[in-house]
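Structural features, examined
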There are 2 protein chains.
Amino acid sequence: MRVLGIDPGLRLTGYACIEGTRVKPSIIEAGVIRLDASDASNPSESIPRRLLELEGDLRELIERVMPEVVAVEGLFVHQKHVNTAVKMAHARGVMLLTIRRAGLRLVELKPMEIKTSLTGSGRANKAQVQEVVRRDFGLAEAPKPADVADALAIALCAMSRGGAPAGLGSGFGGGVGARGG
Amino acid sequence: MRVLGIDPGLRLTGYACIEGTRVKPSIIEAGVIRLDASDASNPSESIPRRLLELEGDLRELIERVMPEVVAVEGLFVHQKHVNTAVKMAHARGVMLLTIRRAGLRLVELKPMEIKTSLTGSGRANKAQVQEVVRRDFGLAEAPKPADVADALAIALCAMSRGGAPAGLGSGFGGGVGARGG
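Overview of the structure. Predicted model, so just to flag it, every value in this text is computed and none were measured. The written sequence of each chain sets the order in which its residues are numbered from 1. Chain letters and ligand numbers both follow the written order, the letters beginning at A and the numbers at 1. Confidence filtering applies because this is a predicted model: local features only for residues at pLDDT of at least 70, side-chain atom pairs given and counted only at 80 or more, and all residues used for totals across whole chains, interfaces and linings. Computation of side-chain values covers all heavy atoms of the structure but excludes hydrogens and water.

**Details of the overall build of chain A**
Numbering goes from the N terminus for both helices and strands, where a helix is a DSSP run of H or I of at least four residues and a strand is a run of E of at least two. Scanning chain A from terminus to terminus reveals five helices and seven strands. If you list the helices and strands of chain A from N to C, you get β-β-β-α-β-β-α-β-α-α-α-β. Taken across its 181 residues, chain A has 51% of its residues classed as buried. A fraction of 68% describes how many contacts in chain A between residues 6 or more apart in sequence connect residues 24 or more apart. Here chain A has roughly 7,700 Å² of accessible surface; of this, 51% comes from carbon and sulfur atoms. Relative accessibility under 20% of the residue-type maximum defines a buried residue, over 50% an exposed one, and the middle range a partly exposed one, all with a 1.4 Å probe and only protein chains included. Whether two residues touch is decided by their heavy atoms; if any such pair falls within 4.5 Å, the residues are in contact. The protein chains shown are the only cover counted for residues, whose accessible areas, like all others here, come from Shrake-Rupley with a 1.4 Å probe.

Pasting the structure below:
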């Protein structure tokens, strides 16, 4: 199974395309989509431009690596970071659109599901998740930037589920909570 | 000047294309884009499908009415309605993408700017705004559903600004506050 994991962001989006099985996964391609924010002082101009760039980059990526399943982390909103979540959701909307238009299966995963799937604990910290990613792909170090490691973790979790949509159930793959994120 | 005003929503998006001047505006076309939410129990399926429908409908609308300027209300987040704002932002991202791809000028307006522009008061209620819309377009009644009246108000406000981008300045045309919305 070929899975593309995506860790969405408006400036930096981590991605990782992996293949094989959960026991023996291999990386096809991993990296970041970096969007130019040099004109960020004018959001009415810069945001639509970045969304258009993001759509183009993601479409090219999908055409290049041809995944069967695309896995994206569900958006969990901290009350403290509402503005960030709303900005992110703009980018996420464009990603879901692009995935759908490519006719691909979408899997949305809760942060806690990803942690549990990789480490056995929903309370694992970032370093523990990254260590599993490093070990399972036989890497000397955890991939940098962290967005790439996160995308690899998302892809691994989706692969262990066999690409099944999983029971988000909370409506829209997101929810408000003090924990998620 | 031909202005398209949009009041975004995931189920119901009001739109209004108007022409002329602020003193003598006329309606070219107004209505709603209604998205089928019948499979809403499976958000990982239904949201991307609705985003794709929304993009197609908005693109067709733009091609049909050919506006010079598209005006969208900035997204103001109530702490109480964070989930709604995040859902909305997915749709909004797709809209900004579509507007940008069509090469159109985007104007983002604060709710308070719209109210002030139409009624003279940033504290005007919905009924007062709708009454100005009804009067200025010489209609017997305020347009229904309210989403259409809102889109007409947005378009009128953008027209009175001559389509200038206005000073949102708060980053991303939105902010967290108890008032906006």
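**Focus on the sheet that holds strand E3 (residues 25-34) of chain A**
All names here are of chain A. Ordered by their spatial adjacency, five strands build an open sheet running E3-E2-E1-E4-E6, and the pairing between neighbours is mixed. Pairing within the sheet leaves two strands with one partner each, and these edge strands are E3 and strand E6 (105-109). Each strand of the sheet is rotated relative to its neighbour by a mean of 20 degrees, with strand direction disregarded. Two strands pair under a simple rule: DSSP has to find at least two bridges between them. Pairing of strand E1 (residues 3-7) with strand E2 (residues 12-20) involves five bridges; the strand directions are antiparallel. Note on E2: the bridge partner recorded for Leu-4 is Cys-17. Note on geometry: axes are lines fitted to C-alpha atoms, helical ones only across the stretch in contact, with angles between N-to-C directions running from 0 to 180 degrees.

**Observations concerning unusual backbone geometry**
Residues and elements named next belong to chain A. Look at the link from Lys-144 to Pro-145: it is a cis peptide, with omega at -10 degrees. Among the structural elements, Pro-145 can be located in the loop between helix H4 (126-136) and helix H5 (146-160). For Met-66, which is not glycine, the phi dihedral falls at a positive 45 degrees. Classification of Met-66 as exposed rests on a relative accessible area of 61%.

**Quick look at the nonpolar core**
What is meant by a nonpolar core is a set of buried Ala, Val, Leu, Ile, Met, Phe, Trp, Tyr and Cys residues, joined one to another through side-chain atoms within 4.5 Å. Residues Leu4(A) and Leu4(B) are the most contacted members of the largest nonpolar core, which totals 46 residues. Excluding residues within four positions of it along the chain, Leu4(B) makes contact with Tyr15(B), Ala16(B), Cys17(B), Leu61(B), Ile62(B), Pro67(B), Val69(B), Val70(B) and Ala71(B).

**Overview of helix H1 (residues 43-65) of chain B**
To estimate the expected span of a helix, subtract one from its residue number and multiply by 1.5 Å. Taking 1.5 Å of rise per residue, 23 residues should cover 33 Å, and H1(B) covers 32 Å from first to last C-alpha, within 8% of that figure. Phi turns positive one or two residues past the end of H1(B), at Met66(B), with a value near 45 degrees.

No statement about biological role is implied by the geometric values presented.
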